[in-house]
Amino acid sequence: MKPEKALIFELSKPGRTAYSLPECDVPEADPAEAIPGSLLRTAPAALPELSEVDVVRHYTELSRRNFGVDNGFYPLGSCTMKYNPKLNEDAARLPGFARIHPYQPEASVQGALELLYTLQQDLAALTGMDAVTLQPAAGAHGEWTGLMLIRAYHESRGERRTKVLVPDSSHGTNPASATAAGFETLTIPSDAGGMVDLAALQAAVGPDTAALMLTNPSTLGLFERNIAEIAGIVHEAGGLLYYDGANSNAIMGITRPGDMGFDVVHLNLHKTMSTPHGGGGPGAGPVGVKEKLIPFLPKPVVGRREEDGAYFWDWHRPDSIGRVKSYYGNFGILVRAYAYIRSYGPEGLKRVSECAVLNANYMRKRLEPYFYVPYPGVCKHEFVLSGKNLKQYGVRTLDVAKRLLDFGYHPPTIYFPLNVEECIMIEPTETESKEALDGFIDTMIQIVEEAARDPELVKNAPYETVVKRLDETAAARKPVLNCSCG
Ligand SMILES: *Cc1c(COP(=O)(O)O)cnc(C)c1O
């Protein structure tokens with residue numbers, strides 16, 4: 001068991017400092033001349049007093065308590081926590097990219113503009129769309145942008161369409177984005193096989209349908225087999241099809257949302273295209289659209305002049321929904337995505353998807369005998385199990401997740417999607433070796449055996465982490481946000 005470490009305030013010793021600077025040899029400015037008196041402190045801030053090495057050790061120790069894909073397997077379903085090649089980090093840090101300013105004259109940043117322009121074209125080719133905006137800063141932001149485009153499209157045709165249809169297996173951001181964009185959402189149930197219930201869809205569409213938002217493969221890791229029919233039903237009613245492409249790991253280079261009939265798609269570059277993510281960003285959620293939605297794209301758009309081939313910011317977009325992000329999105333993330341696409345090439349990207357699907361199916365096949373399997377059959381890049389069979393021992397999916405921590409694994413996604421009881425959602429990703437997959441599988445099997453033999457062991461886990469089982473209700477209702485020594 002790891003010892004509890006003291007808080008930095010508890011380590012403080014009066015008078016100890018982390019630096020030594022020579023005496024000031026210029027006249028000291030009076031802070032009251034620069035800062036209004038009402039904003040000045042009356043007493044120094046109560047900061048801890050420590051030597052430099054103590055500070056370094058304290059923060060290094062804290063950083064070691066973090067878990068990331070660089071120190072272990074992280075099979076968080078729907079989140080694609082995969083290893084990101086360091087090559088792309090290097091590319092994003094090249095001074096020519098990292099040290100430029102968004103307000104520099106166009107002529108001095110032609111390389112950066114070319115990169116954005118080319119990335120737009122690459123993402124359009126990969127998704128089967130006609131144009132792409134790189135502005136949105138996250139997946140949910142891309143969804144919101146896409147829905148605003150859909151709204152602008154319907155309004156331009158003089159149609160008032162107020163409803164967005166969302167299957168019950170969808171990511172929570174889908175109904176949230178639709179609501180934020182001013183739509184009403186209608187939930188479409190899944191059938192017993194995890195597919196969109198076509199009869200329910202047929203009954204829900206109508207003249208007020210603005211769009212259907214769909215993830216394919218769905219959050220259950222299943223490829224929607226009736227996609228052509230679904231597209232037909234929605235288009236027939238005058239609605240548009242929105243593709244949540246946050247998890248494109250299963251389909252790159254194999255199939256394209258544009259070819260499935262989708263009109264709008266967003267991608268999560270911070271899942272699929274080499275940007276590490278977590279903790280709220282930064283991210284990038286580019287949106288691709290079919291021809292009829294191009295006039296509404298956020299401005300500015302990166303254009304290329306016919307005459308001299310120079311790249312420029314195209315602000316002349318009278319029907320644009322306007323800017324959705326300062327400057328032009330999170331540039332460093334776009335550089336990583338560009339480097340990722342270019343270093344893999346078309347064949348490499350296809351191989352990424354093939355390996356993601358192979359890894360998921362290998363793991364699914366080995367784990368299925370030990371869990372309840374809500375949707376049997378071949379999956380795409382992720383799959384769901386149910387811990388329902390462990391309830392007979394009084395053990396829940398949450399307990400399995402906590403026990404995994406003792407073995408140094410980040411648990412998979414649990415209790416999502418909501419339509420699977422005691423859900424466990426696993427996404428191994430393409431970047432793991434067979435040995436890494438087997439290690440995790442063997443641990444999961446061991447935990448199931450523990451649950452049957454010694455349920456209390458599993459129910460009281462974790463034992464090896466700094467923080468043990470938390471009272472999650474109290475953590476939410478009565479959070480301790482400050483230490484008492486302030
Ligand atoms: C992660 C995810 C999102 C949201 O992306 P953010 O960048 O976190 O806003 C949307 N849909 C699906 C299917 C996702 O997996």
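Our subject is the structure listed above.
Residues numbered from 1 in each chain as written. Predicted model: local features only at pLDDT ≥ 70, side-chain atom pairs only at ≥ 80, totals over all residues. Heavy atoms only, no water.

(A) Structural detail: the site of the ligand. Lining the immediate environment of the ligand, one finds 13 residues, of which Ser 78, Gly 139, Asp 244, His 270 and Lys 271 sit closest. Within the side chain of Asp 244, one N or O atom sits 2.6 Å away from a nitrogen atom of the ligand. Between the ligand and His 270, the relevant distance is 2.6 Å, taken from an oxygen atom to a side-chain nitrogen or oxygen of the residue. Taking 390 Å² as the accessible area of the ligand by itself, protein coverage stands at 86%. (Near = heavy atom within 4 Å. Polar contact = N/O pair within 3.5 Å; in protein donor to acceptor, adjacent residues only side chain to side chain. Areas by Shrake-Rupley, 256 points an atom, 1.4 Å probe, with all protein chains shown as cover.)

(B) Spotlight on the packing of helix α6 (residues 110–127) against helix α13 (residues 331–367). Axis separation between α6 and α13 bottoms out at 10 Å; the angle between their running directions is 50°. Our classification of the angle between α6 and α13 gives oblique. The handedness of the crossing between α6 and α13 comes out as left-handed. Between α6 and α13, the residues in contact are Ala 112, Leu 115, Leu 116, Thr 118, Leu 119, Asp 122, Leu 123 and Leu 126 and Phe 331, Leu 334, Val 335, Ala 337, Tyr 338, Ile 341, Arg 342 and Leu 349, respectively. Residue composition of the contact of α6 with α13, grouped by class: 13 nonpolar, one polar and two charged. (Axes fitted to C-alpha atoms, helices over the stretch in contact; angles between N-to-C directions. Helix = DSSP H or I, 4+ residues; strand = E, 2+ residues; numbered from the N terminus. Parallel < 35°, antiparallel > 145°, perpendicular 65-115°, else oblique. Left-handed = near helix turned anticlockwise from the far one by under 90°. Contact = heavy atoms within 4.5 Å. Nonpolar A, V, L, I, M, F, W, Y, C, P; charged D, E, K, R; others polar.)

(C) Fine view of the nonpolar core. By size, the foremost hydrophobic cluster in this structure holds 53 residues, and its most contacted members are Leu 116, Leu 123, Leu 134, Leu 201, Phe 262, Leu 269 and Met 273. Of all elements in the fold, only α4 (86–93), α6, α9 (198–204), β4 (209–214), α10 (227–236), β5 (240–245), β6 (264–267) and α13 reach the threshold of two or more residues within this core. Sorting elements by how many residues they give to this core places α13 first, with 10 residues. Not counting the four nearest positions on each side in its chain, Leu 269 is found in contact with Leu 123, Ser 274, Thr 275, Ala 284, Pro 286, Ile 333, Leu 334 and Ala 337. Judged by nonpolar contacts, the second largest core, of 25 residues, contains Phe 371, Val 395, Leu 404 and Ile 424. (Core = buried A, V, L, I, M, F, W, Y, C linked by side-chain atoms within 4.5 Å. Buried < 20%, exposed > 50% of the residue type's maximum accessible area, 1.4 Å probe, protein only.)

(D) Representation of the sheet that holds strand β2 (residues 163–167). Taken together, seven strands build an open sheet; the order of strands is β1-β7-β6-β5-β4-β2-β3 and the sheet is mixed. Each edge of the open sheet carries a strand with a single partner, namely β1 (131–133) and β3 (184–188). Sheet twist, expressed as the mean angle between neighbouring strand axes with direction ignored, is 25°. Strand direction decides the pairing type here: β5 and β6, joined by four bridges, are parallel. Residue pairing across strands places Tyr 242 opposite Val 264, the latter belonging to β6. (Pairing = 2+ DSSP bridges.)

(E) Molecular detail of the side chain of Asp 263. Relative to the elements of secondary structure, Asp 263 occurs in the loop between α11 (257–260) and β6. At a separation of 2.8 Å, a polar atom in the side chain of Asp 263 contacts the side chain of His 235.

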